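Spelled out, the chains give:
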2 protein chains.
Amino acid sequence: MSHTLGIRQAQKQKTRQALLDAALGLLEEQSLSSLGLREVTRAVGVAPTAFYRHFRSTADLGVALVEEALGSLHPMIRTTVSTTGDHEERITRAIELISRHVDGYPAHVRFIARERHGGVQPVREAIRAQLARFAQEVKDELAQDPVSEGWSEDDLLMLAHLYVDQMLITASLFLEAQEGPEEEREERTRNVAQVATRQMRLIGLGRHHWLD
Amino acid sequence: MSHTLGIRQAQKQKTRQALLDAALGLLEEQSLSSLGLREVTRAVGVAPTAFYRHFRSTADLGVALVEEALGSLHPMIRTTVSTTGDHEERITRAIELISRHVDGYPAHVRFIARERHGGVQPVREAIRAQLARFAQEVKDELAQDPVSEGWSEDDLLMLAHLYVDQMLITASLFLEAQEGPEEEREERTRNVAQVATRQMRLIGLGRHHWLD
DNA sequence: AATTACAGAGAACAGTTGTTAACTGCATGG
DNA sequence: CCATGCAGTTAACAACTGTTCTCTGTAATT
């Protein structure tokens, strides 16, 4: 399946990735709508015009970043809400997974949180579409749980959206906890985990009594 | 209390407000971090340098916009979660209030959703502080409810945050529903209201069984 | 071995940006 | 009534932006 790329195409993908990485770095302190194409090429060390060989505009680059940040996340989502284990276990595992992901890819998480409601329409749309896919997948996973017996499709989807939004909020809070003075960072992180856990627990309770 | 302003100060406040209004308008299609000071003054019809008489920078203007968008919202928050009426009634009333607010001040809502995780640190901080106040107020309101008997302070606050985040998500969804083709707008709005109502209901269920 | 395709460089463009300085006119307070 | 304060203007600056066109070297194709 995987055709070995020629020297030419390999080098092209390399600079393309360099542009994406540089952009992601620059986006830690600003929004996509203020990101200049020259700014990005300067950070990579390449001529401004080279940008056009890879992206039509910075908005286009933004859409590619959405793909990079969320595209490869679908397997993890399935694991997160997989139906194995006790309820409390599942919650702990989900929070743990989110925490680790934020630690591993903080810039990606920041980018998604920032641009989800950001000033660039195509990027918002791309994020919206990916999150809708996530919700669908969560719904499918929930449907396999015996607890969901008797639930309507609509109700499963509304719960799935609730979970997805909750994951994003939690991820964003973990990110905020990382900023600021080093000393109390661990305490802040633990606090976020604790609150998020209890919120998930409460939602889980509501879920169990939904059909009363 | 209210001292009648001189002609001078009145005119100053008028242009200041004009700057805020123009900025809010321009921010419908971009983020604050890309908003130029000249852009704003041009929209108002005033010299660029006049900007400095009112704000140190666009970030400073952003903080003022946060105040305008959220500062006057505290009474409404208290009403929204006030303990009068049946549970189902309260939910309906809350969703209704959110919907009306989005209808009345769409640009304000968009601004807050966009800049909450936006690229301008002081603005993020200002929004965070206001939302923390909201959570405190919601907590106080919840504490007065008989249902909250036996709840710890921490748990009340975690539930309050859950409610506040849920309100913001719902507001943002109402906003998205307003965009796009006119025809199905009402249907989209009704759908948002329906899903949000059920999510609130589920959270409410979890709340009732929290102490089991 | 000769030809083509194409990633990236270089230079130039018209237009924009934030900020400075010195100014003007008028409402205000003595 | 006059002197002061100050909102807003005008002009100018160096720096920056996105985009176009032309050119170069080299990998890929024939």
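Residues numbered from 1 in each chain as written. Chains lettered and ligands numbered in written order. Predicted model: local features only at pLDDT ≥ 70, side-chain atom pairs only at ≥ 80, totals over all residues. Heavy atoms only, no water.

You'll find chain A entered in an unreviewed UniProt entry as TetR family transcriptional regulator, with Streptomyces tuirus given as the organism.

Draft legend 1. Examining the overall build of chain A more closely. Counting its secondary structure elements, chain A contains nine helices and zero strands. Its helices and strands taken in sequence order, chain A reads α-α-α-α-α-α-α-α-α from the N to the C terminus. Referenced to the eigenvectors of the C-alpha coordinate spread, the extents of chain A come out at roughly 65 × 45 × 35 Å. In chain A, which comprises 212 residues, the proportion classed as buried is 46%. If you sum the accessible surface of chain A, you get close to 11000 Å²; carbon and sulfur atoms cover 51% of it. Computed over 25 positive and 31 negative side-chain charges, the separation of the two mean positions in chain A equals 9 Å. (Helix = DSSP H or I, 4+ residues; strand = E, 2+ residues; numbered from the N terminus. Buried < 20%, exposed > 50% of the residue type's maximum accessible area, 1.4 Å probe, protein only. Areas by Shrake-Rupley, 256 points an atom, 1.4 Å probe, with all protein chains shown as cover. Lys, Arg positive; Asp, Glu negative; His and termini not counted. Charge placed at Lys NZ, Arg CZ, Asp CG, Glu CD.)

Draft legend 2. Local environment of the pattern of salt bridges. One pass over the structure, following the stated rule, counts 30 salt bridges over all chains. Close ionic contact of A:Glu184 with A:Arg188 constitutes a salt bridge, the shortest N to O distance being 4.0 Å. Exposure remark for A:Arg188: the relative accessible area of 23% places this residue in the partly exposed category. A salt bridge links B:Asp145 to B:Arg90, with the shortest nitrogen-to-oxygen separation between them at 2.8 Å. Placement of B:Asp145 in the loop between helix H7 (121–143) and helix H8 (153–178) and of B:Arg90 in helix H5 (residues 87–104) is noted, with a sequence separation of 55 residues between them. Pair check on accessibility: B:Asp145 and B:Arg90 agree, each one buried. (Salt bridge = Lys/Arg side-chain N within 4 Å of Asp/Glu carboxyl O.)

Draft legend 3. Highlighting the protein's contact with DNA strand D. Among the 20 residues in the neighbourhood of DNA strand D, the closest are listed as A:Arg38, A:Arg42, B:Arg8, B:Arg53 and B:His54. A:Ile7 places a main-chain nitrogen or oxygen 2.9 Å from a phosphate oxygen of DNA strand D. Between B:Arg8 and DNA strand D, the recorded distance is 2.2 Å, taken from a side-chain N or O atom to a base oxygen. Those elements giving two or more residues to the surface near DNA strand D turn out to be helix H1 (7–26) and helix H2 (37–44) of chain A together with helix H1 (7–26) of chain B. The element contributing the most residues to the surface near DNA strand D is H1(B), with four residues. (Near = heavy atom within 4 Å. Polar contact = N/O pair within 3.5 Å; in protein donor to acceptor, adjacent residues only side chain to side chain.)

Draft legend 4. Geometry of the packing of aromatic side chains. Residue and element names in this part refer to chain A. On inspection of all chains with the given rule, the structure shows six aromatic pairs over all chains. Ring centres of Phe51 and Phe55 lie 5.6 Å apart, and the angle between their planes is 50°; on these two criteria the pair is classed as tilted. Of the two residues, Phe51 and Phe55, neither departs from the other in class, the shared state being buried. Taken together, the ring pairs connect Phe51, Tyr52 and Phe55 into an aromatic cluster. (Phe/Tyr/Trp six-rings, centres within 6.5 Å; stacked < 30°, edge-to-face > 60°.)

Draft legend 5. The arrangement of the relation of the copies chain B and chain A in detail. Mapping chain B onto chain A is achieved by rotating through 180° and translating by 0.0 Å along the same axis, at an RMSD of 0.0 Å. What we have between these two chains is a two-fold relation. When the interface residues of chain B are mapped onto chain A, 100% of them again lie at the interface, so the same face is used by both copies. (Least-squares fit on C-alpha atoms with pLDDT ≥ 70 in both. Contact = heavy atoms within 4.5 Å.)

Draft legend 6. Layout of helix H6 (residues 106–115) of chain B. The element H6(B) is extensively covered by neighbouring structure, given that nine of its ten residues are classed as buried. Within H6(B), burial applies to B:Ala107, B:His108, B:Val109, B:Arg110, B:Phe111, B:Ile112, B:Ala113, B:Arg114 and B:Glu115.

Draft legend 7. Summary view of helix H3 (residues 58–70) of chain A. All names here are of chain A. Between its terminal C-alpha atoms H3 stretches 18 Å, which fits the 18 Å expected from 13 residues at 1.5 Å a residue. Among the residues making up H3, those that are buried are Thr58, Leu61, Gly62, Ala64, Leu65, Val66, Ala69 and Leu70. Structurally, H3 contributes buried residues whose contacts are with H1, H2, helix H4 (74–80), helix H6 (106–115) and helix H7 (121–143). (Expected span 1.5 Å × (residues − 1).)

Draft legend 8. The nonpolar core, seen in detail. A:Leu202, B:Leu65, B:Leu70, B:Phe111 and B:Leu159 are the most contacted members of the largest nonpolar core, which totals 58 residues. Sort the elements by how many residues they give to this core and H8(B) lands first, with twelve residues. Inspection of this core shows a minimum of three residues originating in each of domain 1 (7–56) and domain 2 (68–208) of chain B. Those residues in contact with B:Leu70, other than ones at most four positions away along the chain, are B:Ile112, B:Ile127, B:Gln130, B:Leu131 and B:Phe134. If you look at the next biggest cluster of nonpolar residues, it comprises 57 residues, including A:Leu24, A:Ile95, A:Ile127 and A:Met200. (Core = buried A, V, L, I, M, F, W, Y, C linked by side-chain atoms within 4.5 Å. Domains from an automatic or database assignment.)

Draft legend 9. Region of interest: the interface of chain B and chain A. In this assembly, 37 residues from chain B lie in contact with 37 residues from chain A. Overall, the association of chain B and chain A removes approximately 3000 Å² of surface from exposure, summing both partners, and the carbon and sulfur fraction of that is 61%. Of all residues in chain B, the largest losses of buried area upon contact with chain A belong to B:His117, B:Arg198 and B:Leu202, amounting jointly to 21% of the total for that side. The interface formed by chain B and chain A contains four salt bridges. The partner of A:Asp154 in a salt bridge is B:Arg198, with the nearest N and O atoms 3.9 Å apart. On inspection of chain B and its partner chain A, the count reaches 16 residue pairs in polar contact (both at pLDDT 80 or more). Residue assignment for the side of chain B that touches chain A shows that the elements contributing at least two residues are H6, H7, H8 and helix H9 (185–208) of chain B. Here the element with the most residues in the side of chain B that touches chain A is H8(B); it accounts for eleven residues. (Buried area = accessible area lost by both parts, 1.4 Å probe.)

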